[in-house]
Amino acid sequence: MKLLSVLLWSSLLATMAPSAWAQANTIPSQPHLLVKGQGTRTVMPDRFGLQLNIEETDMDADAARRRVQDNVARVLALFKQHKAVEGSVRADNLRIGPATRYEQSRQVFIGTRVSRQLRASFASVKAMQDVLGALKANENVQVSSLAPTYSGEVALRRELKGEAAAKTRESAQGLAKAYGTQLRGLYSISDVAPNFAYGIQAGSWPSSDDLVTPPSPPSPEAPMNSIETTGSRLPESIEAGPITYTENVYAIFLISDGT
């Protein structure tokens, strides 16, 4: 009896493919193996990003603009003093618009709001903490986000894709041998899950976790990869845990049943 098309999952089922990406491939009508390879690596962050929002509201629009520009100049000097990573400093254009508030169920004009966003990255937590210590954040100079990152992310993701692709072939060869079939060749390979014709939602790949009770949320003590804060309400110390990067590759290999 001829071997029907089968869907075999590799042992590397761990995460779902990003559903926002465009569909890249489809299931063939010929006998085939569909496998998934995964590359993953955990690294310590070596860049610490800081984003600030500088804002002023005043009936005198020019006065608000001048105060914003004065604070921008002060913050940029702090970035330079504490050796922000070269090329990481960004200053958005001025944003100017009316500011209102509600009083007794009606909207009241309170002046012109002027704002700018500044961003910079630092090579150590200490450098970023030193900037925060000198910043004197308040309602006009707000820390909107702190985000640890890894400077080698692009190269690492490229490497992980190569590892994941190699694992798809390794998995397919093992499955073909186990089922007494032979690989005829590669039909398609993608970093997007195929459009399944087996009743599974398109663009997703089921993981073993889908079959059991979902895991409980991480405990408050678990390391965080990013910290969100505003104004002067800053933690006494900033700690950054490891960051895990994962790349998935999906491959379809055409097979013969060996008869």
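A brief look at the structure comes next.

Analysis parameters
Residues numbered from 1 in each chain as written. Predicted model: local features only at pLDDT ≥ 70, side-chain atom pairs only at ≥ 80, totals over all residues. Heavy atoms only, no water. Axes fitted to C-alpha atoms, helices over the stretch in contact; angles between N-to-C directions. Helix = DSSP H or I, 4+ residues; strand = E, 2+ residues; numbered from the N terminus. Parallel < 35°, antiparallel > 145°, perpendicular 65-115°, else oblique. Left-handed = near helix turned anticlockwise from the far one by under 90°. Contact = heavy atoms within 4.5 Å. Nonpolar A, V, L, I, M, F, W, Y, C, P; charged D, E, K, R; others polar. Buried < 20%, exposed > 50% of the residue type's maximum accessible area, 1.4 Å probe, protein only. Arc of directions from axis to C-beta. Phe/Tyr/Trp six-rings, centres within 6.5 Å; stacked < 30°, edge-to-face > 60°.

1. As for the packing of helix α1 (residues 61-81) against helix α2 (residues 125-135)
Inference 1: Relative to each other, α1 and α2 sit at 150 degrees, their axes nearing to 10 Å. With respect to their mutual orientation, α1 and α2 come out roughly antiparallel. Handedness of the crossing formed by α1 with α2: right-handed. Residues Arg74, Val75, Leu78 and Phe79 of α1 lie in contact with α2, whose contacting residues are Val131, Ala134 and Leu135.
Inference 2: The residue inventory of the contact of α1 with α2, partitioned by class, reads 6 nonpolar, no polar and 1 charged.

2. Examining unusual backbone geometry
Inference 1: In the Ramachandran plot, Gln104 falls in the positive-phi region, its phi being about 55 degrees despite a non-glycine side chain.
Inference 2: In this structure, Lys136 takes a positive phi of about 55 degrees despite not being glycine.
Inference 3: Checked against the element boundaries, Lys136 lands in the loop between α2 and β6 (141-149).
Inference 4: With relative accessibility at 65%, the residue Lys136 sits in the exposed group.

3. Overview of the environment of Ala84
Inference 1: In this fold, Ala84 is placed in the loop between α1 and β3 (90-91).
Inference 2: Along the sequence, Ala84 and Ser121 sit 37 residues apart, while their C-alpha atoms lie 5.7 Å from each other.
Inference 3: Contact partners of Ala84, with chain neighbours within four places excluded, come to Phe79, Val89, Ala120, Ser121 and Phe122.

4. A word on α2
Inference 1: Along α2, the positions that sit buried rather than exposed are Val125, Ala127, Met128, Val131, Leu132 and Leu135. Angular distribution of buried residues about the axis of α2 spans 165 degrees; they occupy a single face of the element. Of the exposed residues in α2, those oriented more than 90 degrees away from the buried face are Lys126 and Gly133.
Inference 2: In this structure, the buried side of α2 is in contact with β2 (47-58), α1, β5 (106-122) and β6.
Inference 3: One or two steps after α2, the chain reaches Lys136, where phi turns positive at roughly 55 degrees.

5. Some words on the packing of aromatic side chains
Inference 1: Overall, the coordinates contain 2 aromatic pairs when judged by the stated rule.
Inference 2: Plain terms: the ring middles of Tyr150 and Tyr245 are 6.4 Å apart, the flat faces sit at 45 degrees to each other, and that makes the pair tilted. You can see Tyr150 sitting in the loop between β6 and α3 (153-178) and its partner Tyr245 sitting in strand β8 (residues 243-256), a full 95 residues away along the chain.
Inference 3: Since its relative accessible area comes to 24%, Tyr150 is described here as partly exposed.

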